[in-house]
Amino acid sequence: MARKKQKAGSGGTPATVAATKAGVDFTLHSYEHDPAAPSYGEEAAEALGLDPGQVFKTLVADVDGTLTVAVVPVSGSLDLKALAAAAGGKRAAMADPAAAERATGYVRGGISPLGQRKALPTVVDASAEGHATVCVSAGRRGLEIELAPADLVKLTGAVTAPIARPR
């Protein structure tokens, strides 16, 4: 597992450029994405041999009319009521995939909480704090960025809250 640092503007994804510009230590992990995989997050955990509780998926929801990012472990599912409460709203529903792609600048299965086109309110599941590092999408299918949970929270301006439930 080699640590890869990139210089801003060196052709990385917006996520890796954002992490580099912020001076955050990170490791990139790549794997061959299988288009037939039923779950992008579970595929990443399995392909990289990582605990599914340490690999987080980035979901975009609509909380009272505001697109909001939820970052939850691939071993669980998003609790929409908990997300709405954590975001200070009343109701949450999954966002239209096309709206999520437009707002973030990423394609589904490669949406990263980092380096999004438009900074969206973000909630990271509190379980992230129990890990030394977590992995999230680095901005394309088959590429994960591993970083400290505190750096993820800092870079996204996120709040942490228990928004995941076991599957």
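Here's a quick rundown of the structure. (Residues numbered from 1 in each chain as written. Predicted model: local features only at pLDDT ≥ 70, side-chain atom pairs only at ≥ 80, totals over all residues. Heavy atoms only, no water.)

Across the sheet, which stays open at both edges, the 5 strands sit in the order E5-E2-E3-E6-E9 with mixed pairing between neighbours. Each having just a single partner strand, strand E5 (92-94) and strand E9 (159-161) make up the two edges of the open sheet. If you compare each strand with its neighbour and ignore which way they point, the axes differ by 35 degrees on average. Where strand E2 (residues 56-63) and strand E3 (residues 66-73) come together, 8 bridges link them in antiparallel fashion. By the bridge assignment for E3, Lys57 is matched with Val72. (Pairing = 2+ DSSP bridges. Helix = DSSP H or I, 4+ residues; strand = E, 2+ residues; numbered from the N terminus. Axes fitted to C-alpha atoms, helices over the stretch in contact; angles between N-to-C directions.)

With that out of the way, let us pick up the side chain of Thr104. Considering the arrangement of structural elements, one finds Thr104 in helix H4 (residues 97-104). Classification of Thr104 as buried rests on a relative accessible area of 1%. Separated by 2.8 Å, the side chain of Thr104 and the backbone oxygen of Ala100 make a polar contact. (Buried < 20%, exposed > 50% of the residue type's maximum accessible area, 1.4 Å probe, protein only. Polar contact = N/O pair within 3.5 Å; in protein donor to acceptor, adjacent residues only side chain to side chain.)

With that settled, consider H4. Every buried residue of H4 is listed here: Ala99, Ala100, Ala103 and Thr104. Buried residues of H4, seen end-on, are gathered within an arc of 115 degrees and therefore sit on one face of the element. Positive backbone phi, at 85 degrees, marks Gly105, one or two positions downstream of H4. (Arc of directions from axis to C-beta.)

Here we have 3 strands laid out as an open sheet, ordered E1-E8-E7, and antiparallel in their pairing. On the outer flanks of this sheet lie strand E1 (27-30) and strand E7 (134-140), each paired with one strand and no other. Direction aside, the axes of adjacent strands within the sheet are offset by 35 degrees on average. Both E7 and strand E8 (residues 143-147) contribute to a ladder of 5 bridges, which runs antiparallel. If you follow Cys135 over to E8, its bridge partner there is Glu146. The strands touched by helix H5 (residues 149-156) are E7 and E8; relative to E8, the strand with the most contacts, the crossing angle is about 105 degrees. (Contact = heavy atoms within 4.5 Å.)

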